[in-house]
2 protein chains.
Amino acid sequence: MTIRMTTLLQRTRLLLRAHICHRTAIATSVQGHLPMKTILKKCYLSTNHKRPASSSPMGPCSVSLRSHTCGELRPEHAGEKVALYGWVQYLRQDLFVILRDYSGLTQVLISQDDGSLNEKLGELTVESVVKVTGTVRRRPEGQENTNMPTGDIEVLAENLEVLNTCRKLPFEIKDFVKKSEALRMQYRYLDLRSTRMQQNLRLRSQLSMRMREYLCHQHGFVDVETPTLFKRTPGGAKEFLVPSREPGRFYSLPQSPQQFKQLLMVAGVDRYFQFARCYRDEGSKPDRQPEFTQVDIEMSFVEQAGVMALVEGLLRYSWPPELGGLSQPFPCITYSEAMRDYGSDKPDTRFHMKLVDISEVFVNTKIEFLKSALGQSEGSIQAICVPDGGRLFKSKDLEALKETARSVFGQELSVLAVRPEGTLKSPLSKHLSPSDTEGLLGETGARPGDLLLVSACSLHTVRPLLGKLRLQCAELMEARGVTLRDPTAFHFLWIVDFPLFLPKEGEPGSLESAHHPFTAPVAQDAHLVYTEPLQVRGQHYDLVLNGCEVGGGSIRIHKAAEQLHVLKNILKEDVSVLSHLLEALDSGAPPHGGIALGLDRLISLMVRAPSIRDVIAFPKSFRGHDLMSQAPDYVSEEDLKPYHISVTWPPAKTEEK
Amino acid sequence: MTIRMTTLLQRTRLLLRAHICHRTAIATSVQGHLPMKTILKKCYLSTNHKRPASSSPMGPCSVSLRSHTCGELRPEHAGEKVALYGWVQYLRQDLFVILRDYSGLTQVLISQDDGSLNEKLGELTVESVVKVTGTVRRRPEGQENTNMPTGDIEVLAENLEVLNTCRKLPFEIKDFVKKSEALRMQYRYLDLRSTRMQQNLRLRSQLSMRMREYLCHQHGFVDVETPTLFKRTPGGAKEFLVPSREPGRFYSLPQSPQQFKQLLMVAGVDRYFQFARCYRDEGSKPDRQPEFTQVDIEMSFVEQAGVMALVEGLLRYSWPPELGGLSQPFPCITYSEAMRDYGSDKPDTRFHMKLVDISEVFVNTKIEFLKSALGQSEGSIQAICVPDGGRLFKSKDLEALKETARSVFGQELSVLAVRPEGTLKSPLSKHLSPSDTEGLLGETGARPGDLLLVSACSLHTVRPLLGKLRLQCAELMEARGVTLRDPTAFHFLWIVDFPLFLPKEGEPGSLESAHHPFTAPVAQDAHLVYTEPLQVRGQHYDLVLNGCEVGGGSIRIHKAAEQLHVLKNILKEDVSVLSHLLEALDSGAPPHGGIALGLDRLISLMVRAPSIRDVIAFPKSFRGHDLMSQAPDYVSEEDLKPYHISVTWPPAKTEEK
């Protein structure tokens, strides 16, 4: 069947072809000195209806009106006719227009002899969108700008067309202009024009693409999209609800595709991944977003070490070369070791200052508060040593540290300074025997000038306390000019052997999952699930980067009976809501496991952004608002009717449409 | 800083290394006749803490417990020791286990001499998950299975381990077993094990990856994720609502990232794409899904022809080679031509049977109903000719066609059969003059044996009517065994020059956008926007494949004044809700345009699936239910409280948790 080509089609095709020809013609023109019009006419004449598809150029100027981007012209382009499109970055000396696009800047020279061009120049406003046609030329000697990649050339304008005039803006689009976060969010489309945000978004796109290549091409993963309109999960208090048109029935926006990824393994998909949009309604938490993206991975017939090796390979493959290489395999410590050495399950291993257990030193102490601490269940005396802390920390710093101990953990903190002669300066020191001092210095390795922070209480408190103070000290030291943490370093770290269950807060005797109820126990501990669940380690692994959790995963329970036992007998959950999953496990579920990486967090650490908002195109404020469009917004009662809901207490302020 | 490697780490690393070694060892073992245990021990001994990262193998068995997939063994593997993991597809003759994974089947032979293996075999159930270790060997001569890619070999089992026993299933996992759609959906994890669904999901993943490569690597596009928790758009009656924790305020799940993609252009992102999850609450429409995926594309400094060329290149690049090549450029017709020739704006161009305007033939007719039709405004008489229809169509077929005309369009249909001698058989024929007959046959090209379907009424009715009957005839003809539409053909077609505005249904004098209010007018018609808006053609383009719309896009309005005029003066919208977009257009918005391709629909056509549900891993039923988990589900009043909503009329049935 043939379809008549329309005049419109002919016209649009011709335009395109003319455009392609234009670039060729421009080049030819320069070399062959044929007038442009003649060449363009020739192009038009030689056009036939069948545009050879392979003739489309590639790269950032393909199928575009421009001949070059604003960042690509170099001295070798001198003499070429070009068509540039971009934003007016600066206007200089009534002579120059500095044109910007995402790729860079180009200086455009308006000849003072051209009255009409000068008139246009006079009316130009910064950030207006213009088209410039002209000829590339080397800048006169001595006028090159070495700070600008295109600084050796300029474009002598033959024509300048204003495509859109920019009104007065709320802030200047200059990287050095500081703007408040609220203003940046309200005018996000302007904020995104900054070099930094352009780079962040582009890096994110490139990293994602590299990750996909690695998973698809190198390891046979299948990208599967799973639903976001799902059923509320047990304990899913942080799930957004979506009313349906059936009275009383709601979808739920899931926090992760956990159930679906496991069901895909039961379905024999073998290797699944997805850049999954996830939702979490946490109200206002700093640097959290109600929707976020995780790189979601699941595999069948794999063990913990296999998933870890895959992730290491994934990061190595996708890591931007400009950030330096990653040493592999990543170090790996157990949860117990992390808590023992760093007082945290996501330790920042870019610096030392580990926790030291000094209980042994005081095993026979007479000092009352130490003695009483050691007497309690799991009582312990621990210290961290701040190198040169005596000099670095002022008394208000020490007060701040003590205040943290007091307000967050309800504990007193003892501070001991090591004097040049090796004695300790502290209200405590008069109670210390020489052997106490010797023991303290020996265990902590403290040297003259150092500061010892000592806390004595139960292990469950003293470790997180000193873990937090360790980080607070690091910040204080850096504020005093000490380069404690190499700002270019990326310290990845695996944490393994987490407990599978934890005592439920506020409900003595009850247990909850440390991560989620689908995590399998470590093989050696499997029998303890039935006898001593608190002793069971889970096959869970967390990936930590520079002290932030960037990923977590586990080998899952793949047998229905085990899963039922955990849900019903240990966690006392209503199993009916997960009956489909239990049935699936009973239908030939393979051994499987996976991981999810927090993409927003990972990228924000890579680009050293202060917030994940800096790597998300349109983030919400910390109150969950879109400051640009004012979402969430009021909805009329009329619009709520189809969903059989109405707004209740407190008296609702509704806006009629 | 060094982190102490734990015993656990050593163990898991060792396991992995052992595994890698295992594969090597197996190969070595066969060649060198060393006992396996000795070799594995050597591997363990030679393992050091630093696993060289580059040693990880690639492909579908990387970081896995298996040595090979079930689809890859060939005669050249004979003699190799292998470890296979998979599902029991068949059990045959108390001797064979046919093992399945996503990649294929392998026959495993259980020696009758091995008592323990035979015992396990006796207890095996179909679809259980097992691990088999054994040796590959050629099948005895004459026992090869040429229908099976692995049919030349079998694996002589040395061990068989049941990893998970499968209970009795609701249906057999055999491609030939027919299941009801409801049952397939309830047990989707079993349904996905079928060869067809595995292929569909994998093809979808591969196609997406190819599209991404084309956009990122060849044309400099940036993958940007945009929010799905947004603000209700004007007229967004089909948008799901998401209650927030602020009383009366709701997010909305958008139908597309339209506003965000335009804002990204204002932000200077230049070329954006996203595989965007979109939401549309349409209640129960057949073959629609409440959430779906579109390939969302937007570019700056581009014209209509540029976007069309990009999409043609995108499809050519990503098109699976096994589906045959795509001829390019795609044909392109105007909306007027589509309506004139096919009575549809998404014509199926795989077959002829175009609409023919036969008004001229009857311009002086005395036949009352024809005369009266021509007398009305835009009255027209039109026909389609069904080749060989006289023989093919039974009277009940003709009744069905007439019923469609009557019930859907309120019109009578005249049917005329062409007799062998060239006269017409019809109740109408006694009124037809010889010149009428001659004119009819001449205009329609009808030949003896053909059938003419004639309708006379206003153009706005007669075209859609015959357009619909044209498709109904095609189905009837195919049901009678005529190969009208090549089942392997892919007919892409562009439709352009749509009207920009349409009269608003039920509101005389009011206008609405034919597509959306952001579409720019065709340049030549731009002045008519202020004077005769109904005459304005929009720079909108639809991509049609085999009669289904698979994409649509436009060049957008980039000037605030024009956009304001359209929203305020023409569409009478409340512009305050779009003030952020208008402000953005005033802040240096570049000319821009884009397109969105419906990924689910496109893939379903590619794999010739009867429904888009066949290319979505976990689709909803046509009532919007997840039949596996029973979403949407009832939520307790308690869980609604944080959102300040309650369920209203009709009396809500609520389930307490």
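Residues numbered from 1 in each chain as written. Chains lettered and ligands numbered in written order. Predicted model: local features only at pLDDT ≥ 70, side-chain atom pairs only at ≥ 80, totals over all residues. Heavy atoms only, no water.

## Examining the confidence of the model for chain A
Link 1 in the chain: Chain-level pLDDT for chain A is 89 on average; 89% of the residues reach the 70-or-more range.
Link 2 in the chain: Across residues 1-55 of chain A the pLDDT falls below 50, and counting only partners more than four positions away or on other chains, this stretch makes 86 contacts in the model. (pLDDT = per-residue confidence, 0-100. Contact = heavy atoms within 4.5 Å.)

## Thoughts on helix α9 (residues 335-342) of chain B
Residues and elements named next belong to chain B.
Link 1 in the chain: Among the residues of α9, Glu-337, Ala-338, Met-339, Asp-341 and Tyr-342 are the ones counted as buried.
Link 2 in the chain: Where α9 is buried, its residues meet β11 (332-334), α14 (459-479) and β17 (492-496).
Link 3 in the chain: Count one or two residues on from α9 and you reach Gly-343, which has phi positive near 60 degrees. (Buried < 20%, exposed > 50% of the residue type's maximum accessible area, 1.4 Å probe, protein only. Helix = DSSP H or I, 4+ residues; strand = E, 2+ residues; numbered from the N terminus.)

## A word on the sheet that holds strand β8 (residues 249-253) of chain A
Consider a sheet: its strands pair through backbone hydrogen bonds, and that pairing is either parallel or antiparallel.
Link 1 in the chain: Spatial strand order, β7(A)-β8(A)-β23(B): three strands in an open sheet with antiparallel pairing. Two strands in the sheet have a free side with no partner beyond their single neighbour: β7 (240-243) of chain A together with β23 (633-634) of chain B.
Link 2 in the chain: Bridge count for β8 of chain A against β23 of chain B is two bridges, and the pairing is antiparallel. From the neighbouring strand, Arg-249 of chain A faces β23 of chain B, where its bridge partner is Tyr-634 of chain B. (Pairing = 2+ DSSP bridges.)

## Description of the pairing of strand β9 (residues 271-279) of chain A
Residues and elements named next belong to chain A.
Link 1 in the chain: A large share of β9 lies buried, amounting to nine of its nine residues.
Link 2 in the chain: Judged from the two bridges that link them, strand β6 (residues 222-223) and β9 form a sheet pairing that is parallel. In the strand pairing of β9, Val-222 is matched with Tyr-272.

## Details of the interface of chain A and chain B
Link 1 in the chain: Counting residues at the interface gives 172 residues for chain A, matched by 171 residues for chain B.
Link 2 in the chain: Summed over the shared surface of chain A and chain B, the result is 14 salt bridges.
Link 3 in the chain: Linking chain A with chain B are 87 residue pairs in polar contact (both at pLDDT 80 or more), by the criterion used here.
Link 4 in the chain: A total of 12 residues in the side of chain A that touches chain B trace back to one element, the largest contributor, which is helix α6 (residues 195-219) of chain A.
Link 5 in the chain: Along the lines of polarity and charge, the residues of the side of chain A that touches chain B split into 88 nonpolar, 42 polar and 42 charged. (Salt bridge = Lys/Arg side-chain N within 4 Å of Asp/Glu carboxyl O. Polar contact = N/O pair within 3.5 Å; in protein donor to acceptor, adjacent residues only side chain to side chain. Nonpolar A, V, L, I, M, F, W, Y, C, P; charged D, E, K, R; others polar.)

## As for the relation of the copies chain A and chain B
Link 1 in the chain: Of the transformation superimposing chain A on chain B, the axial component is 0.0 Å and the angular component is 180 degrees, with the fit at an RMSD of 0.1 Å. When the rotation and shift are considered jointly, the pair of chain copies conforms to a two-fold rotation axis.
Link 2 in the chain: Both copies contact each other with a shared surface, as 99% of the interface residues of chain A are interface residues in chain B too. (Least-squares fit on C-alpha atoms with pLDDT ≥ 70 in both.)

## Side note on the sheet that holds strand β21 (residues 548-555) of chain B
Residue and element names in this part refer to chain B.
Link 1 in the chain: Spatial ordering of the open sheet is given by β6-β9-β10-β22-β21-β20-β17-β11, a layout of eight strands whose pairing is mixed. The sheet is open, and its two borders are formed by β6 (222-223) and β11, each paired with just one other strand.
Link 2 in the chain: As defined by bridge partners, β21 adjoins strand β22 (residues 592-598) across five bridges and the pair is classed as antiparallel. Bridge assignment links Gly-553 to a residue of β22, and that residue is Ile-595.
Link 3 in the chain: Contacts from helix α17 (residues 599-606) reach β9 (271-279), β10 (291-300), β17, β20 (540-545), β21 and β22 within the one sheet, and its direction differs from that of β21 by about 140 degrees. (Axes fitted to C-alpha atoms, helices over the stretch in contact; angles between N-to-C directions.)

## A closer look at unusual backbone geometry
Residues and elements named next belong to chain B.
Link 1 in the chain: The omega torsion of the bond from Gln-328 to Pro-329 falls at -5 degrees, within 30 degrees of zero and hence cis.
Link 2 in the chain: Relative to the helices and strands, Pro-329 resides in the loop between α8 (304-318) and β11.
Link 3 in the chain: The step from Ala-631 to Pro-632 runs through a cis peptide bond, and the omega angle for that step is -5 degrees.
Link 4 in the chain: Take Pro-632: it is sitting in the loop between α17 and β23.

## A word on the packing of aromatic side chains
Link 1 in the chain: Counted according to the given criterion, the structure contains 26 aromatic pairs over all chains.
Link 2 in the chain: Judged by centre distance (5.5 Å) and plane angle (40 degrees), the ring pair of Tyr-214 of chain A and Tyr-317 of chain A falls under tilted. Linking Tyr-214 of chain A in helix α6 with Tyr-317 of chain A in helix α8 (residues 304-318), this pair joins segments that are 103 residues apart in sequence.
Link 3 in the chain: For Tyr-214 of chain A, a relative accessible area of 5% translates into the label buried.
Link 4 in the chain: On the basis of relative accessible area, Tyr-317 of chain A is assigned to the partly exposed category, the value being 24%.
Link 5 in the chain: Judged by centre distance (5.1 Å) and plane angle (45 degrees), the rings of Phe-301 of chain A and Tyr-85 of chain B are tilted. A residue pair is termed interchain when its members come from two chains, as with Phe-301 of chain A in the loop between β10 (291-300) and α8 and Tyr-85 of chain B in strand β1 (residues 81-92).
Link 6 in the chain: When its relative accessible area of 5% is taken as the criterion, Tyr-85 of chain B is described as buried.
Link 7 in the chain: Grouped by ring-pair contacts, the aromatic residues Trp-319, Phe-330, Phe-490 and Phe-492 of chain A constitute a single cluster. (Phe/Tyr/Trp six-rings, centres within 6.5 Å; stacked < 30°, edge-to-face > 60°.)

## Considering the pattern of salt bridges
Link 1 in the chain: Inspection of the entire model under this criterion finds 82 salt bridges over all chains.
Link 2 in the chain: Between Arg-623 of chain A and Glu-246 of chain B there is a salt bridge whose closest N-O contact spans 3.3 Å. Pair noted here: Arg-623 of chain A is in the loop between α17 (599-606) and β23 (633-634) and Glu-246 of chain B is in the loop between β7 (240-243) and β8 (249-253), and the two residues belong to different chains.
Link 3 in the chain: According to the relative accessible area criterion, Arg-623 of chain A is partly exposed, its value standing at 48%.
Link 4 in the chain: You can call Glu-246 of chain B buried: its relative accessible area is 18%.
Link 5 in the chain: Linking Arg-100 of chain B and Glu-127 of chain B is a salt bridge whose minimum nitrogen-to-oxygen distance equals 2.7 Å. Note that Arg-100 of chain B is positioned in strand β2 (residues 96-101) and Glu-127 of chain B in the loop between α3 (115-123) and β4 (129-138), a separation of 27 residues in sequence.
Link 6 in the chain: With a relative accessible area of 9%, Arg-100 of chain B lands in the buried category.

## Overview of empty space enclosed by the protein
Link 1 in the chain: One pass over the full model with this rule turns up 11 cavities of 30 Å³ or more.
Link 2 in the chain: Of the volumes computed, that of the largest cavity is approximately 520 Å³.
Link 3 in the chain: Lining the largest cavity we find 35 residues, and of these Phe-275 and Arg-277 of chain A together with Phe-275, Ala-276 and Arg-277 of chain B sit closest to its centre.
Link 4 in the chain: Of the residues forming the lining of the largest cavity, the biggest block, six residues, is contributed by β9 of chain B.
Link 5 in the chain: Here the residues of the lining of the largest cavity sort into 14 nonpolar, 11 polar and 10 charged. (1 Å grid on protein atoms, 1.4 Å probe; cavity = no way out; pocket = protein on both sides within 12 Å on 5 of 7 lines; lining within 4 Å. Points joined across faces, edges and corners; volume = space filled by probe spheres on them.)

## Here we look at the nonpolar core
Link 1 in the chain: Counting residues in each nonpolar core, the largest one holds 114 residues, and the members touching the most others are Phe-492 of chain A together with Met-211 and Phe-492 of chain B.
Link 2 in the chain: In contact with Phe-492 of chain A, not counting residues within four places along its chain, are Leu-315, Trp-319, Leu-326, Phe-330, Pro-331, Leu-543, Val-544, Leu-545, Val-550 and Leu-602 of chain A. (Core = buried A, V, L, I, M, F, W, Y, C linked by side-chain atoms within 4.5 Å.)

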